[in-house]
Amino acid sequence: MRRPTGEQPTGARSTAEQRAGERPAAGRPSTALQPRRRRRVAHDTLWFWIFVGPFAAGLAVFTYVPLVWSVYLSFFDAHNTVSPTDFVGFDNYAAMLRDGAFTSSLGTFAVFSLFIVPATYVLALALALMVHRTRRFQAFFRSVFFLPAACSYVVASLIWKLSIFNGVRFGLANTVLGWFGADQTAWLSTTHPPWYWLVIVTVRLWLQAGFYMILFLAGLQRISPRLYEAAAVDGARPGWQVFRHITFPQLRTTSVAVVLLLVINAFQAFDEFYNLLSDARGYPPYARPPLVYLYYTALGQGQNLGMGSAGAVILALVIAVVTVFQARWFGLGRKEADA
């Protein structure tokens, strides 16, 4: 008796159905593989937290918890205590905004920014252009110019204060001036003219120019050589003309990032001011940036942690507003089509 076309024997059909039942359905992992995959995921998660956990815990304990607690203290009368009970609302904020010394410290920051931001930008860009065009020992010069960025701000400030601009005739700066017949200058205590700005700006310039040079070098390496080749074909003269029309526009994104970082770092200036200008008598009334003022407010004689915390919150808000304004002004994050 002939079987219908396409019909398989009974034994063959049962064997095929049995094998089909043993194979997992498409897109569905085998039941035997699921525990192994779970163990692998658990193993990866465990090692993730082993490596990241200590850093996350340190970040939470030493950064986020103090930030939250500082905002909490700003609403209380916290004299000589970190666990106050006298709630004063926004009185601390109002008192800080009415404090002439605090507003004057913001003015000190503005003056410092006017000096340090353009000076660092120009010097870092010039160093990056020179290193980028160097054909030999490029890694050596890159390392040499970046090396000061690894130096401590405290150590550099003390070198500037005790060796270079110490105000006596044996100091390096006064020695050089003496070669030309000039009188010695008390660099850090002379307010008319304010020579202390020269000391503060030069030490910060020496410390941070190398770091921003690396950022500009990264931007220069992203510029396609075809742009320079096309400019040469069009008759552009190498030098200022190529820099103005090709190099500088291509560094727009890097320039915006550098300016934002420079302004934020200027707001956070503390080490060089404190170590250069303070002495056994305390800190002078001039050139007092916001962080130095808040330091003496919170940890000085009064130890008014509530006022200091309110000032810190105000300073953080000012930094955020200035940063957002700069980002909007420069069009950071804007699409090229909209730019």
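Computed from a prediction, not measured in an experiment: that's the story for all the values here.

*Asks:* How should the overall build of the protein be read in this particular structure?
*Replies:* Within the protein, the secondary structure is distributed over 14 helices and 0 strands. Within the protein, the proportion of its 339 residues that are buried is 32%. When contacts within the protein are restricted to residue pairs at least 6 apart in sequence, those whose partners lie at least 24 apart make up 66%. Approximately 22000 Å² of the protein is accessible, and the part contributed by carbon and sulfur atoms is 64%.

*Asks:* Sorry if this is basic, but what is going on with the environment of tryptophan 160 here?
*Replies:* Its location among the elements puts tryptophan 160 in helix 6 (residues 153–164). C-alpha separation for the pair tryptophan 160 and leucine 172, spaced 12 residues apart in sequence, amounts to 9.5 Å. For tryptophan 160, the contacting residues outside a window of four places in its chain are Phe165, Asn166, Val199, Thr202, Val203, Trp206 and Leu276. At 3.0 Å, the side chain of tryptophan 160 and the side chain of threonine 202 are in polar contact.

*Asks:* Help me out: how do you make sense of the environment of serine 309 in this one?
*Replies:* Among the secondary structure elements, serine 309 is positioned in helix 14 (residues 305–330). For the pair serine 309 and leucine 67, spaced 242 residues apart in sequence, the C-alpha to C-alpha distance is 9.3 Å. Setting aside chain neighbours within four positions, we find serine 309 in contact with Ser70, Leu73 and Ser74. Within the local environment of serine 309, its side chain forms a polar contact with the backbone oxygen of leucine 305, the two atoms lying 2.7 Å apart.

*Asks:* What is the right way to look at a positive patch on the surface in this model?
*Replies:* A cluster of basic side chains, namely Arg36, Arg37, Arg39 and Arg40, defines a positive patch on the protein surface. Of note, arginine 36 is situated in helix 2 (residues 33–73).

*Asks:* Whenever I open this one, unusual backbone geometry confuses me. Can you help?
*Replies:* Glycine aside, the phi torsion of most residues is negative, and most peptide linkages are trans. Cis peptide bonds are those with omega within 30 degrees of zero, and the linkage from histidine 192 to proline 193 qualifies with -5 degrees. Here phenylalanine 137, not a glycine, exhibits a phi torsion of approximately 55 degrees, which is positive. By secondary structure assignment, the location of phenylalanine 137 is in the loop between helix 4 (100–133) and helix 5 (138–146). With a phi close to 50 degrees, alanine 287 is a non-glycine residue in the positive phi region. Along the chain, alanine 287 falls in the loop between helix 12 (271–277) and helix 13 (290–299). Judged by relative accessible area, which is 6%, alanine 287 ranks as buried.

About the criteria used
Residues numbered from 1 in each chain as written. Predicted model: local features only at pLDDT ≥ 70, side-chain atom pairs only at ≥ 80, totals over all residues. Heavy atoms only, no water. Helix = DSSP H or I, 4+ residues; strand = E, 2+ residues; numbered from the N terminus. Buried < 20%, exposed > 50% of the residue type's maximum accessible area, 1.4 Å probe, protein only. Contact = heavy atoms within 4.5 Å. Areas by Shrake-Rupley, 256 points an atom, 1.4 Å probe, with all protein chains shown as cover. Polar contact = N/O pair within 3.5 Å; in protein donor to acceptor, adjacent residues only side chain to side chain. Patch = residues over 30% accessible without salt bridge, like charges linked within 9 Å, V, L, I, M, F, W, Y side chains within 5 Å. Salt bridge = Lys/Arg side-chain N within 4 Å of Asp/Glu carboxyl O. Lys, Arg positive; Asp, Glu negative; His and termini not counted. Charge placed at Lys NZ, Arg CZ, Asp CG, Glu CD.

Without other data, these values stay purely geometric and don't point to any function.
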